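# Notes for the structure review
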Amino acid sequence: MVLTKKLISYLLLISIFCLSPINHIFARMESTNFIIYGDVFSSGGREDSTSANFGIQDTIGEGLALSSTSTSSNFGIKTGFREMYADSFVTLSLGSGSLDLGALSTTETKLGSHTMTVETDSLNGFTVTLSGNTLTSGINTITAIGSIAMAPLIGTKQFGINLVANTTPAVGADPAGLAPIGSAADQYRETNKFAFLSGATVATSSAPINSTIYTVSYIANISSDTINGSYATTLTYGATVNY
Amino acid sequence: MGQLSIIDMKKIVFLFFLLGVLFVLPAQAMTIISPIVELAAEPGQVQKGILKVYNETDKDLSLTARIEPFKAGSEDGQPIYLLPQQKDEYLSWFQLSQSTLKLSAKEAAIIPFEVVVPVSAVPGGYYAVVFWQELAEENKEVNNSTIQGKVGTLVFLQINGEFEESAIIKDFNLQSNKKVYFSLPLNFFARLENTGNIHLYPKAEIEIKNFLGQTKKFEMANSQAAILPQSIRRFETIYPGDLSSADFLSLAQVEFKNLFFGKLTAKVIFTYNDQNKSVSETISFWFFPWRLAVIFSGVLILTFLLFKINRKVNLLKKTLNQKK
């Protein structure tokens, strides 16, 4: 009975590992005393590979093709025994999945903000770009400020963001973290000025950085001829490393 | 007591605010491991690769994949993601084993993919980014906008064959672009344009030579930065390093060790294609280290004064001896 249970358990484990289209592992094992960067999930190898001249306990590479590839005109190395180096990474975390600017007004600038945290150990740093449309309500739109940062102007249709601390209006915070940290990009680091251009880079670094907390601040204004309504949009922040 | 309570209340509110900022649970937090994947394939070949995604959060994530083309967005290696167009038919070569993914809290996944290269594929470089994005819940609140995040793996695909590897130096100079310099460090920059159709990983070295033929060589690029086809990459280096915290004597010592004086030439040599190809450019400028000049002048004046004093003393001694 016990043997049967064990057999079923083994078969279940084998079927999970072999039949699953994707391999689930924990990317990094760590405790207070150690970190194993390259936890391995290998799917082949022998304990007793031999020839007349050698014997070896071998394993195939962790994946079919690893990220670090050496090539020349005559060779290409993609798989190895195991990844024995700390794999590079980039992390993006958003503090909120939504933004409520409230009912837009002709007498005050509406404000909103959320955090965005980025970290990478990539040698050439990272880039975060913004994509999406400006605020809309049906066919009515709030004019996006564009690529050049501008100060909020009450009574004018405006929608923009920045990633630094502002005093007028009082919103936002400078990028924070333990140095080295990333910075806000060009037009998105102007105090008290805001920009909005889909596809624009909003945060970047040119070297590895520690976890950097950005505060993304939003401003919106409407003019007297703006039709009242629920103005909203969908914005996407995309992060990759630089090459 | 009442005043103390208000202060305490303020402290408590501040602490709560701080805790809120520091420990707010992220709505979405994803990590891409191995954020650049390089593959090479022959036309007609099926090449295999893997992507690695990690769920940083304490909740389950449902992710969806999207493959987009990218190109050089700046001269410092920032990519620009583009909307797929008809000319980007190579994106259809990428076949992910799964285009949607469910990750439990703190779980990572390895997602195999294949690149099915057609026989007719033109040799060269093809560049794609595979983004993983959480499926956002629809916002039902009035005025609520949806904020989403996506993280991507850059894929550099090289189709083997007779691709073109070539580059030209667009600029090489000192940052301040002057003819005469009076102190170190020297801030060099160079801009290399990839004129071929495959990405390059150039190495670069600068060689400074003085009028006596003495040379100093140092590295400017170390092949860890790629240049995509038809784009420019800017490289910068400070020789002999950041000296902003060095004092007068230390700087003079550095200048003395480098023996730079008079007309200098600086040559940058970029090598690529496993060092088989290279391009170079030379500039010239004048260098007069003012600190060394001050020290040298001081020593000269001191020597001259000592010589004069010595001469006076000797004359005095001679006069005294004659009187005896």
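Bear in mind the structure is a predicted one, so any value in this text is a computation, not a measurement.

### Things to note about the overall build of chain A
Across its full length, chain A carries one helix and 20 strands. Here chain A, with 243 residues, has 38% of them falling under the buried criterion. Put simply, of all contacts in chain A between residues at least 6 apart along the chain, 70% involve residues at least 24 apart.

### Let's talk about the overall build of chain B
Assigned secondary structure in chain B consists of three helices and 18 strands. By the burial criterion, 32% of the 324 residues in chain B qualify as buried.

### As for the sheet that holds strand β11 (residues 167-174) of chain B
All names here are of chain B. With antiparallel pairing, three strands are arranged side by side in an open sheet as β11-β13-β16. What marks the edges here is a single partner per strand, and that holds for β11 and β16 (231-239). Taken over all neighbouring pairs, the strand axes of this sheet differ in orientation by 15° on average, direction set aside. Across nine bridges, strand β13 (residues 186-194) lies against β16 in antiparallel orientation. Residue pairing across strands places Phe189 opposite Glu236, the latter belonging to β16.

### Things to note about the domain arrangement of chain B
Residues and elements named next belong to chain B. With domains assigned, chain B is organised as domain 1 (27-136 + 148-159) and domain 2 (167-288). Computed over C-alpha atoms, the centres of domain 1 and domain 2 are 36 Å apart. Mapped by element, the contributors of at least two residues to the side of domain 1 that touches domain 2 are β4 (61-72), β9 (124-134) and β10 (144-159). Per-element accounting of the side of domain 1 that touches domain 2 gives the leading share, three residues, to β9.

### Considerations on helix α3 (residues 290-323) of chain B
Taking 1.5 Å per residue, 34 residues should reach 50 Å; α3(B) reaches 49 Å between its end C-alpha atoms and fits that length. With one of 34 residues buried, α3(B) is to be regarded as a mostly surface element.

### Description of the sheet that holds strand β17 (residues 262-272) of chain B
With mixed pairing, five strands are arranged side by side in an open sheet as β12-β18-β17-β14-β15 (chain B). Pairing within the sheet leaves two strands with one partner each, and these edge strands are β12 (180-181) and β15 (215-222) of chain B.

### Digging into the confidence of the model for chain B
Residue and element names in this part refer to chain B. Averaged over every residue, the pLDDT of chain B is 88; residues scoring 70 or more account for 89%. Below a pLDDT of 50 lies the segment residues 12-26, which in the model reaches seven contacts outside its immediate sequence neighbourhood of four places, other chains included. Per the prediction output, this complex has pTM 0.76; the corresponding ipTM is 0.80.

### Let's talk about the confidence of the model for chain A
Predicted confidence across chain A gives a mean pLDDT of 82, with 70% of residues reaching 70 or more. Here residues 63-68 of chain A is a poorly scored stretch, pLDDT under 50, and it has 20 contacts once near neighbours within four places are set aside; other chains count.

### Details of the environment of Leu111(A)
Residue and element names in this part refer to chain A. Mapped onto the fold, Leu111 is located in strand β10 (residues 110-120). Here Leu111 falls in the partly exposed class, since 17 other C-beta atoms lie within 10 Å of it. Between the C-alpha atoms of Leu111 and Asp48, which are 63 residues apart in sequence, the distance is 67 Å. With near-sequence residues (within four places) excluded, Leu111 lies in contact with Pro169, Val171, Ser217, Tyr218 and Ile219.

### Here's the deal with the environment of Val241(A)
For Val241(A), the position within the fold is in strand β20 (residues 234-241). When the 28 C-beta atoms within 10 Å are taken as the criterion, Val241(A) is described as buried. Val241(A) sits 117 residues away from Asn124(A) along the chain, and the two C-alpha atoms are 7.1 Å apart. In this view, Val241(A) contacts Val90(A), Thr120(A), Ser122(A), Asn124(A), Phe126(A), Pro35(B), Ile36(B) and Leu154(B); residues no more than four positions away in its chain are not counted.

### What to know about the environment of Phe285(B)
Residue and element names in this part refer to chain B. Of note, Phe285 is situated in strand β18 (residues 277-287). Note on Phe285: 17 C-beta atoms within 10 Å, which makes it partly exposed. With 176 residues separating them in the primary sequence, Phe285 and Ala109 have C-alpha atoms 56 Å apart. Beyond its immediate sequence surroundings of up to four residues, Phe285 is in contact with Leu174, Lys179, Val180, Tyr181 and Leu264.

### Side note on the pairing of β4(B)
The side chains of a regular strand alternate, first on one face of the sheet and then on the other. Residue and element names in this part refer to chain B. Where β4 meets strand β7 (residues 100-103), four bridges bridge the pair, whose relative direction is antiparallel. Of the residues in β7, the one forming a bridge with Leu63 is Leu101. Bridging between β4 and β9 involves seven bridges; their strand directions are antiparallel. In the sheet register, Thr64 faces β9, and the bridge partner there is Gln133. As defined by bridge partners, β4 adjoins strand β5 (residues 79-81) across three bridges and the pair is classed as antiparallel. Note that in β5 the partner of Phe70 across the bridge is Tyr81. Hairpin connection from β4 to β5: six residues lie between these consecutive antiparallel strands, with Gly77 at a positive phi of about 85°.

### Things to note about the packing of helix α2 (residues 248-258) of chain B against α3(B)
Residue and element names in this part refer to chain B. For the pair α2 and α3, interaxial distance at closest approach is 8 Å and the crossing angle is 100°. Classified by the angle their axes make, α2 and α3 are roughly perpendicular. Counting all contacts with α2, which are made through Phe248, Leu251, Ala252, Glu255 and Phe256, the residues of α3 involved are Arg291, Leu292 and Ile295. When its residues are assigned to classes, the contact of α2 with α3 shows six nonpolar, no polar and two charged.

Procedures and definitions
Residues numbered from 1 in each chain as written. Chains lettered and ligands numbered in written order. Predicted model: local features only at pLDDT ≥ 70, side-chain atom pairs only at ≥ 80, totals over all residues. Helix = DSSP H or I, 4+ residues; strand = E, 2+ residues; numbered from the N terminus. Buried ≥ 20, exposed ≤ 12 C-beta atoms within 10 Å, placed from the backbone. Contact = placed C-beta atoms within 7 Å. Pairing = 2+ DSSP bridges. Axes fitted to C-alpha atoms, helices over the stretch in contact; angles between N-to-C directions. Domains from an automatic or database assignment. Expected span 1.5 Å × (residues − 1). pLDDT = per-residue confidence, 0-100. Parallel < 35°, antiparallel > 145°, perpendicular 65-115°, else oblique. Nonpolar A, V, L, I, M, F, W, Y, C, P; charged D, E, K, R; others polar.

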